[in-house]
Every structure is written in structure tokens, then in C-alpha cells.
Amino acid sequence: KNKKITVQEMLEGAGGVDPLPYRHKEVFQVHNADIHTVDNKNSHTAPHIWVAPPSGSFKDIARIRCWGSGGGGGGGNNSGVPGGGGGAGAFAEAVFTYVPGVQYLIRVGVAGVQGIGAINNGNGQNGSNGKISKVTNLTNTSILASALGGSGGAGGLANGTGGTGGLGGIGAYGLGDPKIDGAAGSDKLTNNLYGGTGGRSYRGGSGGRGGSGPDSGDARDGNFPGGGGGGGSPNTGGDIGFTKSHGGNGSPGLVIIEYNNSPAAYSYKVHSP
């Protein structure tokens, strides 16, 4: 009980193996300038570069946390059918020994886009899928951690079938320890006109609320990071109903890298536009 504990020992953890808490945190977010749009769907992830710091007083160890992005909610239609909620992105964590000066490529999952509502007895669009977030060693191309995006919610169909919820990102298909699934979006709720709710990401953002009635226009986007978008409401036809039956957008992913060694002390840096 009289043992003296130094600051370094605290930062290196009780066993001197897992350096927690860390002195420096770098947060990587979606870079809007690198998003390309194809058919109104974001199709690419955002690249960043992290350069491992030089060796110092602490072990050359860093921790990665990754969230894949959420899927978009499905759109409703004018057959009285809402869309399903988008699935949330998966989560992955990894502690690794870095090589000072080596560059690591960071890709952050771009959010799944809302499904557009339908009129003229058409089918509501499906929300687009979320994207993977991952960290790759550029020297040997090994992937250190990755987390998949959630699937988009299905749009309501003209035959009266409600939109099903999108699957959450599957942790087992990523890399890390732990690897946690994102929650699935819910189907359109039975016997009412509510759109499905988006799924929640583990230690991340909650899902968006589904639209709550014809022409309500209140489907919500997923919450950052990784939450799935809510499903769109049904509509009564015409321009007003159409514009209010879209699903919610998913939330972008996120990558965080924490470490100890650096010339500057106690830094916090956000990499974004």
C-alpha cells in the first residue's frame, strides 16, 4: 500500500503492457472533399495518413478504435407502407506495436444515403449501405483493424410489403479484438404507419427514428458515429407527400488512434475537412 507509482507507470497501465490511458488522441473523420457521388449515393471512403511517432520514454504501442458507417433508411411509398431502418456500423478495437515513422492509411466509412420515397404506386428506394472503416500499414499492406458498415433499410413496396430493416455491420468480418456487430435496423412497425428505427452502433451513435405517419417527414438521420438512418413514412401521393417520405441518412464512421510517444505532450487532434 506504500508503493510509489510514477506517472509513466500509470500511463503504461498496471502491468506495463497496455498503455492506458494514452497521452495523445488523433481522431479521423470523413473528409468531404474525397467523397464521390454516383447515382446520388456516396461510393468512396475517405483517406487520411497517420505517421507513427518516434520512440520515446514509453512503449511504441498504439490503440485503434474503428466504427463503420450506418446504412440509410428506406423510403416509404403511397401505398401506405413505410421503409425499414438502416443497420448500424460494426465496431473494432486493436492494440498494436507500431514502427516509428511508418505511414498508416486511414479510411473512414462514408454514411449510407437515405432511400427516396415513391409515388404513382412505385417502390420506395432502399437506403444505401454504409462503408468500412479500416487502418492499413502502407509498408506491408497489412490491415490492423477494420469495421464494416451497416446495410441500408429496404423501401416500402407497392404490393403493400413493409420495408425490412438493414443488417448491422458484422463484427466477425472485420479485424480487431474485440469485434462487435452493429445493431440491425427495425422493420416497419406492424399495424401502424411508423417507419423502422435505425440500429445503434456499439459505443457509438444511436439509430434515427422512423417517420411517424403519412406525410410526416420526420425520419431522422443516424447519430454519430455509425448509427443507422430511420425509415421513411408512407405518403399520400403528390409532391408534398413525396418529399416527406424519404428515409434518414446513416451516420459516418470514425477512426481514433491513441498513443503515448510524441515530442508534444497531451495532444488532441481532429483530422477532417
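Residues numbered from 1 in each chain as written. Predicted model: local features only at pLDDT ≥ 70, side-chain atom pairs only at ≥ 80, totals over all residues. Heavy atoms only, no water.

## Section: the overall build of the chain
And then number 1: If you tally the helices and strands in the chain, you get two helices and 12 strands.
And then number 2: Reading the helices (α) and strands (β) of the chain from amino to carboxyl end gives α-β-β-β-β-β-β-β-β-β-β-α-β-β.
And then number 3: Taking all 273 residues of the chain together, the buried fraction comes to 51%.
And then number 4: In the chain, of all internal contacts separated by at least 6 residues, the share reaching a separation of at least 24 is 71%. (Helix = DSSP H or I, 4+ residues; strand = E, 2+ residues; numbered from the N terminus. Buried < 20%, exposed > 50% of the residue type's maximum accessible area, 1.4 Å probe, protein only. Contact = heavy atoms within 4.5 Å.)

## A word on the environment of Gly124
And then number 1: Here Gly124 is to be found in the loop between strand 7 (103–108) and strand 8 (133–137).
And then number 2: Take Gly124: its relative accessible area is 6%, and that puts it in the buried class.
And then number 3: Residues Gly124 and Ser79 lie 45 residues apart in sequence; the distance between their C-alpha atoms is 10.0 Å.
And then number 4: Dropping the residues within four chain positions of it, Gly124 is found in contact with Gly75, Gly76, Asn77, Ile116, Ala118, Gly155 and Gly156.

## Details of unusual backbone geometry
And then number 1: Cis peptide bonds are those with omega within 30 degrees of zero, and the linkage from Asp177 to Pro178 qualifies with 10°.
And then number 2: Structurally, Pro178 can be placed in the loop between strand 9 (143–147) and strand 10 (179–180).
And then number 3: Cis geometry is found at the peptide bond from Phe224 to Pro225, where omega equals -10°.
And then number 4: Locating Pro225 in the fold gives a position in the loop between strand 10 and helix 2 (238–243).
And then number 5: Notably, Asp215 is not glycine yet its phi reads approximately 60°, a positive angle.

## Here's the deal with the side chain of Ser251
And then number 1: With respect to the element layout, Ser251 can be found in the loop between helix 2 and strand 11 (254–259).
And then number 2: By relative accessible area, which is 2% here, Ser251 ends up buried.
And then number 3: Here Asn223 takes part through its backbone oxygen, which lies 3.4 Å from a polar atom of the side chain of Ser251.
And then number 4: Other than its neighbours up to four places away in sequence, Ser251 contacts Ser69, Gly70, Ala111, Gly222, Asn223, Phe224, Pro225, Gly226 and Gly227. (Polar contact = N/O pair within 3.5 Å; in protein donor to acceptor, adjacent residues only side chain to side chain.)

## Describing the pattern of salt bridges
And then number 1: Inspection of the entire model under this criterion finds five salt bridges.
And then number 2: Note that Glu258 and Arg63 form a salt bridge whose closest N and O atoms lie 2.8 Å from each other. In this pair, Glu258 sits in strand 11 while Arg63 sits in strand 5 (residues 61–67), placing the two residues 195 residues apart along the sequence. Here Glu258 and Arg63 have matching classes, each one buried. (Salt bridge = Lys/Arg side-chain N within 4 Å of Asp/Glu carboxyl O.)

## Quick word on the confidence of the model for the chain
Low-confidence regions, as indicated by low pLDDT, have predicted coordinates that should not be scrutinised in detail.
And then number 1: Averaged over all residues, the pLDDT of the chain is 86; the fraction at 70 or higher stands at 85%.
And then number 2: Note that residues 10–19 has pLDDT below 50 and, in this model, 24 contacts with residues that lie over four places away or in other chains.
And then number 3: Segment residues 36–43: pLDDT under 50, and 16 contacts once partners within four positions in sequence are set aside and those in other chains are kept. (pLDDT = per-residue confidence, 0-100.)

## Quick notes on the environment of His48
And then number 1: With respect to the helices and strands, His48 occurs in strand 4 (residues 46–51).
And then number 2: On the basis of relative accessibility, which here comes to 9%, the residue His48 falls in the buried class.
And then number 3: Spatially, the C-alpha atom of His48 lies 9.6 Å from that of Val135, the residues being 87 residues apart in sequence.
And then number 4: With residues up to four places along the chain from it excluded, the contact list for His48 reads Phe28, Gln29, His31, Tyr104, Leu105, Ile106, Val108 and His271.

## Comments concerning the nonpolar core
And then number 1: Residues Trp50, Ile64, Tyr98, Tyr104, Ile106, Val255 and Ile257 are the most contacted members of the largest nonpolar core, which totals 23 residues.
And then number 2: Contributing elements (two or more residues each) for this core: strand 5, strand 6 (91–97), strand 7, strand 9 and strand 11.
And then number 3: With sequence-adjacent residues up to four places away left out, Ile257 is seen in contact with His24, Lys25, Glu26, Phe28, Trp50, Ala62, Arg63, Ile64 and Ile106.
And then number 4: One finds Val27, Trp67, Phe91 and Ile256 within the second-largest nonpolar core, a separate group that totals five residues. (Core = buried A, V, L, I, M, F, W, Y, C linked by side-chain atoms within 4.5 Å.)

## Remarks on the environment of Asp187
And then number 1: Looking at the element boundaries, Asp187 is found in the loop between strand 10 and helix 2.
And then number 2: In this structure the side chain of Asp187 is engaged in a polar contact, spanning 2.8 Å, whose partner is the backbone nitrogen of Gly165.

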